[in-house]
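Results of the structural survey
Read off the chains here:
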Amino acid sequence: MIDMATSTTPRGGLSLAATLLTGTIALYMALVAFGNITDFGTNQQFVRHVLAMDTTFKDEDLMWRAITSEGLQDAAYVAIIVWETVAALVLIYGTWLWAGRDAVRARRMSTYGLLMVMLLFGAGFIAIGGEWFSMWQSKNWNGLDAATRIFLFSGIVLIVNQLTAPRAETSAT
């Protein structure tokens, strides 16, 4: 019998859930990164409009925040794509570790990847895009609903990943 308090190979439902949910976010991020690389122009326009704040209410007290340099806008977009790609790779590796029954390393890698996704969608799109660049004011270039969905889904997956931690591991941290 496996002692779950010391085992690195849990075989219960939570481990399976962590594997499948982490894999789902990994797939999503891989597809997002792939789409942004192969169809660069579509979301490039999204990033440009959000940063330029050209579809907001154009409040004089806020417009000083706008970034109108296409070079800076494109640099931000490339940085987003790199972040998405790295997050996808970390999550793919975490999923592989879950499938290989190395729960301790799987949890660590999955946590890193999920936090990367949550930082991108929470800090990047919801806080910076939504509030700093007033994306919420735009009818055409508003990604807050999508960002919130991915942020919340990633948070749920992070919780499931942490629920699989054996008692000895959680008390050591």
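Up top is the structure.
In this numbering scheme, every chain counts its residues from 1 along its sequence in written order. It should be noted that, the model being predicted, local features are given only for residues of pLDDT at least 70 and side-chain atom pairs only at 80 or more, the latter also being counted only at that level, while totals for whole chains, interfaces and linings use all residues. Hydrogens and waters are ignored; side-chain quantities use all the structure's heavy atoms.

A look at helix α5 (residues 144–163)
An α-helical segment advances 3.6 residues per turn. Residues three or four places apart therefore align on the same side. We apply this condition: Secondary structure elements are defined from DSSP: runs of H or I of at least 4 residues count as helices, runs of E of at least 2 residues count as strands, and each element is numbered from the N terminus. Residue count minus one, scaled by 1.5 Å, sets the expected span of a helix. Only protein chains enter the calculation, and the probe is 1.4 Å; a residue is then buried if its accessible area is under 20% of its type maximum, exposed if over 50%, and partly exposed in between. Only heavy atoms matter for contacts: two residues are in contact if any of them lie within 4.5 Å across the pair.
With 20 residues, α5 should cover 28 Å at 1.5 Å per step; its first-to-last C-alpha distance of 28 Å lies within 8% of that length. Those residues of α5 not exposed but buried are Leu 144, Ala 147, Ile 150, Ser 154, Gly 155, Val 157, Leu 158, Val 160 and Asn 161. Elements that come into contact with the buried residues of α5 comprise α1 (13–38), α3 (70–99) and α4 (103–132).

A word on the nonpolar core
Applicable threshold: The set of buried Ala, Val, Leu, Ile, Met, Phe, Trp, Tyr and Cys residues whose side-chain atoms join them within 4.5 Å is what this entry labels a nonpolar core.
Among the nonpolar cores identified, the biggest contains 29 residues, and Ile 25, Met 29, Leu 91, Leu 114, Val 117 and Phe 121 are the most heavily contacted of them. Listing elements by their share of this core, those giving two or more residues are α1, α2 (40–52), α3, α4 and α5. Considering every element that reaches this core, the biggest residue donor is α3, with seven residues. Once residues lying within four places of it in the same chain are set aside, the contact partners of Val 117 are Ile 25, Met 29, Ala 87, Leu 91, Ile 150 and Ser 154.

Considerations on the packing of aromatic side chains
Quick note on the threshold: Between 30 and 60 degrees the pair is tilted, below 30 it is stacked and above 60 it is edge-to-face, where a pair is any two Phe, Tyr or Trp rings, Trp via its six-membered ring, whose centres lie within 6.5 Å.
Enumeration over the complete set of coordinates arrives at six aromatic pairs. Considering the side-chain rings of Tyr 93 and Trp 96, the 5.9 Å spacing of their centres and the 20 degrees angle between planes classify their relative orientation as stacked. Separated by three residues within a single helix, Tyr 93 and Trp 96 lie in helix α3, roughly one turn from each other. Relative accessible area serves as the criterion here: at 31%, Tyr 93 is assigned to the partly exposed category.

As for the environment of Trp 98
Relative to the assigned elements, Trp 98 resides in helix α3. Separated by twelve residues in the primary sequence, Trp 98 and Ser 110 place their C-alpha atoms 8.9 Å from one another.

A closer look at the packing of α1 against α3
Under the convention used in this document: Interaxial angle, 0 to 180 degrees, is taken between N-to-C directions of lines fitted to C-alpha atoms, where a helix line uses only the stretch in contact. Here the word oblique covers every angle except those under 35 degrees (roughly parallel), over 145 (roughly antiparallel) and from 65 to 115 (roughly perpendicular). Crossings are classed by handedness, with left-handed meaning an anticlockwise turn of the near helix from the far one by less than a right angle and right-handed meaning a clockwise turn. Classification convention: Asp, Glu, Lys, Arg as charged; Ala, Val, Leu, Ile, Met, Phe, Trp, Tyr, Cys, Pro as nonpolar; all other residues, Gly among them, as polar.
The contact between α1 and α3 brings their axes to 8 Å, and the two run at 150 degrees. When the interaxial angle is binned, α1 and α3 end up roughly antiparallel. In the packing of α1 onto α3, the handedness of the crossing is left-handed. Of the residues that constitute the contact of α1 with α3, the class distribution is 16 nonpolar, seven polar and one charged.

Here's the deal with the side chain of Arg 65
Keep this limit in mind: Counted as positive: Lys and Arg. Counted as negative: Asp and Glu. His and the chain ends are not counted at all. Salt bridge criterion: a side-chain nitrogen from Lys or Arg within 4 Å of a carboxyl oxygen from Asp or Glu. Pairs of N or O atoms are called polar contacts if they sit within 3.5 Å, as long as, within protein, a hydrogen donor faces a hydrogen acceptor (for residues adjacent in sequence, only side-chain-to-side-chain pairs).
With respect to the secondary-structure elements, Arg 65 resides in the loop between α2 and α3. Despite its burial, Arg 65 pairs with no opposite charge, the nearest such side chain being Glu 131 at 6.6 Å. Reaching out from Arg 65, the side chain makes a polar contact with the backbone oxygen of Glu 131 at a distance of 3.5 Å.

Structural notes on unusual backbone geometry
For Met 53, which is not a glycine, the phi torsion comes out positive at approximately 55 degrees. Structurally, Met 53 can be placed in the loop between α2 and α3. Take Met 53: its relative accessible area is 1%, and that puts it in the buried class. If you check the backbone angles, Ser 134 has positive phi at about 55 degrees while not being a glycine. Considering the arrangement of structural elements, one finds Ser 134 in the loop between α4 and α5.

All we've got here are geometric facts, nothing functional implied.
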